[in-house]
Amino acid sequence: MSLLAIEKNRSVTSIYYSQYKLSDGEDTLSGSRIGLSYRRELTEIWSYFVRVNSGSASGTHEADDGSETELKASTIGLSGGMRVQYDVDVNSNGESDLIPYLGVGLTVQSYNYDFSYQDSEVGETSGTGYGPVVTLGMTIIVSDGFSLIPGYYYESVTIKTEGGDSKTISSSGVSFAFVARF
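The paragraphs below set out a description of the structure included in this document. (Residues numbered from 1 in each chain as written. Predicted model: local features only at pLDDT ≥ 70, side-chain atom pairs only at ≥ 80, totals over all residues. Heavy atoms only, no water.)

Negative charge collects at one region of the surface, where Glu-62, Asp-64, Asp-65 and Glu-68 lie side by side. Along the chain, Glu-62 falls in strand β4 (residues 46-62). (Patch = residues over 30% accessible without salt bridge, like charges linked within 9 Å, V, L, I, M, F, W, Y side chains within 5 Å. Areas by Shrake-Rupley, 256 points an atom, 1.4 Å probe, with all protein chains shown as cover. Salt bridge = Lys/Arg side-chain N within 4 Å of Asp/Glu carboxyl O. Lys, Arg positive; Asp, Glu negative; His and termini not counted. Charge placed at Lys NZ, Arg CZ, Asp CG, Glu CD. Helix = DSSP H or I, 4+ residues; strand = E, 2+ residues; numbered from the N terminus.)

And the structure:
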């Protein structure tokens, strides 16, 4: 089986890249992720998905006195859930070439945050957090040999701050996957 393969009504494995924003409510960081996604069709409409990714983000916090502190975040995530899709465009062969989808699931994330500035709610912390994830996008079947999958995702992960409190960190971004069949 190829690392990048698609087989109708079976499974799809893809590598994806995404740009994302991460926020704790006070500060927003920007970064990128790379990941591997596996999806197995249960019916023509329903499938389950599993994704693993690694990402890093950075940004700055500007204090009231004008000083800036560099902020960093790195994560490794594992998510999974259910996905619904519906074929909306039919070509002359009776096969779909546009397939929008919506996925909902859970994510578990190993995190390392360095938000070290005075009065930071997060501080410098690492650990494992969890929360919901939502994905949506469209599979664009370019030919029998390959597909493009632009998408959007949102996740909200509960972490432990440096002070031991729980805090929600949200991230969202645009992803792009390429799937080739050999």
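Core analysis: the largest hydrophobic core is formed by 15 residues, its most contacted members being Leu-22, Leu-29, Tyr-113, Phe-115, Val-122, Ile-159 and Ile-169. Breaking this core down by element, the ones donating at least two residues are β2 (11-23), β5 (68-85), β7 (96-115) and β9 (146-160). In this view, Phe-115 contacts Leu-22, Asp-24, Asp-27, Leu-29, Leu-71, Lys-72, Ser-120, Val-122 and Gly-123; residues no more than four positions away in its chain are not counted. If you look at the next biggest cluster of nonpolar residues, it comprises six residues, including Tyr-16, Tyr-101, Ile-149 and Ala-177. (Core = buried A, V, L, I, M, F, W, Y, C linked by side-chain atoms within 4.5 Å. Buried < 20%, exposed > 50% of the residue type's maximum accessible area, 1.4 Å probe, protein only. Contact = heavy atoms within 4.5 Å.)

Moving on to the packing of aromatic side chains. All chains considered together, the criterion is met by four aromatic pairs. Between the aromatic rings of Tyr-38 and Tyr-48, the centroid separation amounts to 6.5 Å while the plane-to-plane angle is 55 degrees, which identifies the pairing as tilted. Here Tyr-48 lies in strand β4 and Tyr-38 lies in strand β3 (residues 28-41), a separation of 10 residues in the sequence. Taking the relative accessible area as the measure of exposure, Tyr-48 reaches 32% and is therefore partly exposed. Seen from their ring centres, Tyr-111 and Tyr-113 are 5.3 Å apart, and the 25 degrees between their planes marks the pair as stacked. One aromatic cluster is present, built from ring pairs that chain together Tyr-111, Tyr-113 and Phe-115. Against the face of Tyr-101 rests Arg-83, its NZ or CZ located 4.0 Å from the ring centre. (Phe/Tyr/Trp six-rings, centres within 6.5 Å; stacked < 30°, edge-to-face > 60°. Lys NZ or Arg CZ within 6 Å of the ring centre and 35° of its normal.)

On the secondary structure map, Pro-150 appears in strand β9. Along the sequence, Pro-150 and Pro-100 sit 50 residues apart, while their C-alpha atoms lie 9.9 Å from each other. Other than its neighbours up to four places away in sequence, Pro-150 contacts Tyr-101, Gly-137, Met-138, Ile-140, Ser-175 and Phe-176.

Here Gly-164 shows up in the loop between β9 and β10 (166-180). Among the residues examined, Gly-164 registers a relative accessible area of 44% and is labelled partly exposed. As a C-alpha pair, Gly-164 and Val-122 span 42 residues in sequence and 9.2 Å in three-dimensional space.

Of note, Glu-155 is situated in strand β9. Sequence-distant contacts of Glu-155, defined by excluding residues within four places in its chain, comprise Arg-33, Thr-107, Gln-109, Pro-132, Val-133, Ile-169, Ser-170 and Ser-171.

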